[in-house]
Amino acid sequence: MIRFFYLTILVFFTTVISGVKSLDFTREIESTQKPNVLFIVADDLNCALGAYGDPLAITPNIDKLAKSGIIFNSAHVQYPLCGPSRVSFMTGMYADQTKSKELRLYVRQTIPDVITLGQKFRTQNYHSVRVGKIYHYHNPRDIGTAGHDDTFTWDRTVNPYGRDKIEEYMLNKVKPQFDGATLSWLQAEGDDSEQTDGVGAEATMEFLDEFKKSGENFFLAFGLYRPHIPFVAPKKYFDLYDIRDFNVPKSTDDYLKTIPIPAAKTVRARKEQINLDPDLAATIKHAYYATTSFMDAQVGKVIDKLKETGLDKNTIIVFTSDHGYHLGEHGHWQKQTLFEDATRVPLIFSGPGIKKQRKAVESPVELVDIYPTLMDLTGFDTPTFVSGKSLTPIFDDPNKSIRSEAFTELQVYTGKGKAQGYSIRTNRYRINRWQNNGITYYELYDHRYDNKELKNLANSDDYKPILDSLSTILEKRVAEAKVVPVGLGRQIKNARPWNEPSRIFSNKKLKFN
C-alpha cells in the first residue's frame, strides 16, 4: 500500500519587507505565461552519472535531461553536509550568513525573517509544493515525517514512506549499531512503487496531473532520499551491474602525513569504514551505483509525466544534489571533506529560456546561484540578501563565466577543538585553508596533473607564487561570505540543534502490505 501523508499548510506570510537586486539579465515573459519550476534534489549524489562521463553509471534519464539543456561540470556546494547545504541553496546565502553549520537546525532558528526560494514563489502566486526531502531529514531515521522542514516555504507537502523504512532490520551493515552514517545496503524485494522514492515519484506525478487541470503556476520540489545510506533498491537495479567492475582505491597512513591534521581527521572520521576488505568495499560501491540507477528511474518517471501533461513546454527543470560523496577516495566514505569528491555535484538546467548546449560548462559555479537564476528565468526580482549570482548569461554562451572560483567551507572536530576550513576551486586549482588552535594550514592541488587531489603542493617552492595568489583570493571570499546581507533581517548565532522528531525503529514484526 502506498504510504504518504499530505500536510496542507495554512500559514500567513511573514511581514518581511525585502529589497531587491537589479537584474543584469532579463527575458521577455508574458504575465500569463510565467514558467513553472520542477526542482529535483537527490541526496548524497556525486557525479557518478553517465552525463558526467562515468563509464559504469547507468543513468539514462538524467543523461537525457542533460542532453536537453545545459550541464555544469564544476558545480560546488557551499557546505558539504546535508542540513547546512540545503539551507544555503534554499536561501541563496553562505553558511557564515545563514549561521547554519550543523544538522537538526530549522532554517528560522538562525535567520527567522528570510524569504526562502519556495516562499518567494508563494509571494508571486505560485503553488509551492514539496514532495520528500528538501530541507534536512535524518535519513533514514526521519522518513515519513516532515524532518526539519520550513512551513513558510510550502503550500502543501508530502512525506513519502515505503518498505525500505519498514525493512531496515534486513540491512547488511559494516557494524551492528545502525545510524544514518553506517555503510549499509540491501537488494530489496518488490518493485519501485513500494520504495520511499517510488512513492514520492508517484505523488509528484499526481501533482503534475493536478496542475495540468488547474492551470496554476507551480514551484514543485521533488526531494529524493537516495542514493543516501542505506543503499536500498529493488534487486533489478543491482543486476544492471557486474560487481567485478568495481574497485576502491587504497589509502595509507603515509598519505595522511602530507595533509593538515584537520584534513586528515575528515577522511578518517568513521573508524569502521577504514581499510575495508576489498571485496566488501566493491560490494558497497556496487550498491551505491545500483541505488543511483534506481533514483534515476524515479526522476525519469516524473519527467515523462511532465511531458505527458504537456507542462514541459512551460516548465524549467533543475536537477542537483545536496553535496558530493566519497566512495573510498582518500580512504574515506561519505561527505564532510573539502576534497572534490565531497564538494562537487551535478547541476543541470533544462526548459524554456534555456538553449540546448552541446558542451558542458567548465567554469566553476555554486549552488547559491540557483536562487537568482530561477528569479531571472521566471522574471522576478532577486531579494537583496541573496549572495549567489545568476547563471543566465552562461545559458546563451557556455564559454562565459560568472565567477572565477567556487567557495566551500567546513567545520571539523579535531579532538583539540573545532577547526574551521575554507576552500576555493578555480578552473585549475583547489586551495584549502584550515585554522585550529591558532595554527593555519594550507592544501594546494593542481588539477592539470592531479585531478584526484592526492599531492598537496602547499609546501612546494615551485608553487609558492600560486599559493600566495590564491590565498589572497580565498581571504577575500571568506570576508565576503561573512558580510551580513542587506535585507536579511535577524541573524541568530549559536542556535542549538533540535533532536526531534523521535526515531522510529524498524523490527521484524512490522510488515509491508
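Treat the numbers as computed from the prediction; the structure is a model and nothing was measured.

Caption draft 1: Structural detail: helix H2 (residues 82-91). Of all 10 residues making up H2, 10 are buried, and the element is well covered by its neighbours. All buried positions along H2 are accounted for by Cys82, Gly83, Pro84, Ser85, Arg86, Val87, Ser88, Phe89, Met90 and Thr91. Looking at the buried side of H2, the elements it contacts are strand E2 (36-42), helix H3 (95-98), helix H4 (107-110), helix H5 (117-123) and helix H13 (370-378). Looking one or two residues beyond H2, the residue adopting positive phi is glycine 92, at roughly 75 degrees.

Caption draft 2: Expanded view of the pairing of strand E8 (residues 218-223). With six of its six residues buried, E8 lies for the most part within the structure. Side chains of E8 alternate between two faces, with Phe218, Leu220 and Phe222 and Phe219, Ala221 and Gly223 buried alike. The pairing of E2 with E8 spans five bridges and is classified as parallel. Bridge pairing in E8 links valine 37 to phenylalanine 219.

Caption draft 3: View of helix H1 (residues 60-68). Turning to H1, its buried residues number three or more, namely Ile62, Asp63, Leu65 and Ala66. For H1, the arc enclosing every buried residue in end-on projection is 160 degrees, short of the 170-degree limit, so these residues lie on one face. More than 90 degrees from the buried face of H1, the exposed residues found are Pro60, Lys64 and Lys67. Where H1 is buried, its residues touch strand E3 (70-76), helix H11 (278-309), strand E10 (315-321) and strand E13 (344-350).

Caption draft 4: Inspection of the packing of H1 against H11 at higher detail. H11 packs onto H1 with a crossing angle of 50 degrees between their chain directions and a minimal axis gap of 7 Å. As far as their axial angle goes, H11 and H1 are oblique. Facing H1, whose interface residues are Pro60, Asn61, Ile62, Lys64 and Leu65, H11 presents Met295, Asp296, Ala297, Val299, Gly300, Ile303 and Lys307. Of the residues in the contact of H1 with H11, the class split is seven nonpolar, two polar and three charged.

Caption draft 5: Looking closely at the nonpolar core. Within the largest apolar cluster, 61 residues are counted, with the highest numbers of intra-cluster contacts made by Phe231 and Phe319. Setting aside anything within four residues of it in sequence, one finds phenylalanine 231 in contact with Leu183, Ser184, Trp185, Leu186, Phe238, Ile284, Ala287, Tyr288, Thr291 and Tyr325. In terms of nonpolar packing, the next biggest core, distinct from the first, is built from 45 residues, Ile115, Met375, Phe385 and Ile402 among them.

Caption draft 6: Spotlight on the packing of aromatic side chains. Throughout the structure, instances matching the rule amount to 28 aromatic pairs. A centroid spacing of 6.5 Å and a plane angle of 80 degrees characterise the contact between tyrosine 429 and tyrosine 463, whose relative ring orientation is edge-to-face. Of this pair, tyrosine 429 sits in strand E17 (residues 429-436) while tyrosine 463 sits in the loop between strand E18 (439-446) and helix H15 (464-481), and the two are 34 residues apart along the sequence. As far as the burial class goes, tyrosine 429 and tyrosine 463 line up, both buried.

Caption draft 7: Examining the packing of helix H7 (residues 196-214) against H11 more closely. Contact geometry of H7 with H11 gives a least axis separation of 9 Å together with a crossing angle of 10 degrees. Relative to H11, the element H7 lies roughly parallel. Here Asp197, Gly198, Ala201, Thr204, Met205, Leu208, Asp209 and Lys212 of H7 lie close against H11, whose contacting residues are Phe294, Gln298, Lys301, Val302, Lys305, Leu306 and Thr309. Across the contact of H7 with H11, the residue classes break down as six nonpolar, four polar and five charged.

Caption draft 8: Structural context of the pattern of salt bridges. Counted according to the given criterion, the structure contains 39 salt bridges. The shortest N-O distance in the salt bridge between lysine 235 and aspartate 239 comes to 3.2 Å. Taking the relative accessible area as the measure of exposure, lysine 235 reaches 42% and is therefore partly exposed. The salt bridge partner of arginine 403 is glutamate 366, with a shortest N-O separation of 3.4 Å. With arginine 403 in the loop between helix H14 (392-396) and strand E15 (406-413) and glutamate 366 in strand E14 (residues 365-366), this pair connects stretches of sequence that are 37 residues apart. Since its relative accessible area comes to 0%, glutamate 366 is described here as buried. The structure contains a network of salt bridges with shared partners spanning Glu366, Asp369, Arg403, Glu405, Lys476, Arg477 and Glu480.

Caption draft 9: Spotlight on unusual backbone geometry. Of note, the amide linkage connecting asparagine 139 to proline 140 takes the cis form, showing an omega dihedral of 15 degrees. Among the secondary structure elements, proline 140 is positioned in the loop between strand E4 (127-132) and strand E5 (156-161). Cis geometry marks the peptide bond from isoleucine 229 to proline 230; its omega dihedral reads -5 degrees. Assignment of secondary structure puts proline 230 in the loop between E8 and strand E9 (231-234). With phi around 60 degrees, glutamine 336 is a residue other than glycine that occupies positive phi space. Along the polypeptide, glutamine 336 turns up in the loop between strand E12 (333-334) and helix H12 (340-343).

Caption draft 10: View of the confidence of the model for the protein. Summarising the model, the protein shows a mean pLDDT of 92, and 91% of its residues fall at 70 or more. Every residue in residues 1-31 is under pLDDT 50, and counting partners more than four places away or in other chains gives 84 contacts.

Caption draft 11: Layout of the sheet that holds E18. Spatially, four strands are ordered E15-E16-E17-E18 in an open sheet, and the strand pairing comes out antiparallel. Single-partner strands in this sheet number two, and they are E15 and E18. Across the sheet, the axes of successive neighbouring strands diverge by a mean angle of 15 degrees, strand direction being ignored. Looking at chain direction, strand E16 (residues 418-425) and E17 are connected through six bridges and run antiparallel. The residue of E17 that forms the bridge with glycine 421 is tryptophan 434. In the packing of H15 onto the sheet, contacts are made with E15, E16, E17 and E18, and the angle to E17 comes to roughly 65 degrees.

Cut-offs used in this document
Residues numbered from 1 in each chain as written. Predicted model: local features only at pLDDT ≥ 70, side-chain atom pairs only at ≥ 80, totals over all residues. Heavy atoms only, no water. Buried < 20%, exposed > 50% of the residue type's maximum accessible area, 1.4 Å probe, protein only. Helix = DSSP H or I, 4+ residues; strand = E, 2+ residues; numbered from the N terminus. Contact = heavy atoms within 4.5 Å. Pairing = 2+ DSSP bridges. Arc of directions from axis to C-beta. Axes fitted to C-alpha atoms, helices over the stretch in contact; angles between N-to-C directions. Parallel < 35°, antiparallel > 145°, perpendicular 65-115°, else oblique. Nonpolar A, V, L, I, M, F, W, Y, C, P; charged D, E, K, R; others polar. Core = buried A, V, L, I, M, F, W, Y, C linked by side-chain atoms within 4.5 Å. Phe/Tyr/Trp six-rings, centres within 6.5 Å; stacked < 30°, edge-to-face > 60°. Salt bridge = Lys/Arg side-chain N within 4 Å of Asp/Glu carboxyl O. pLDDT = per-residue confidence, 0-100.

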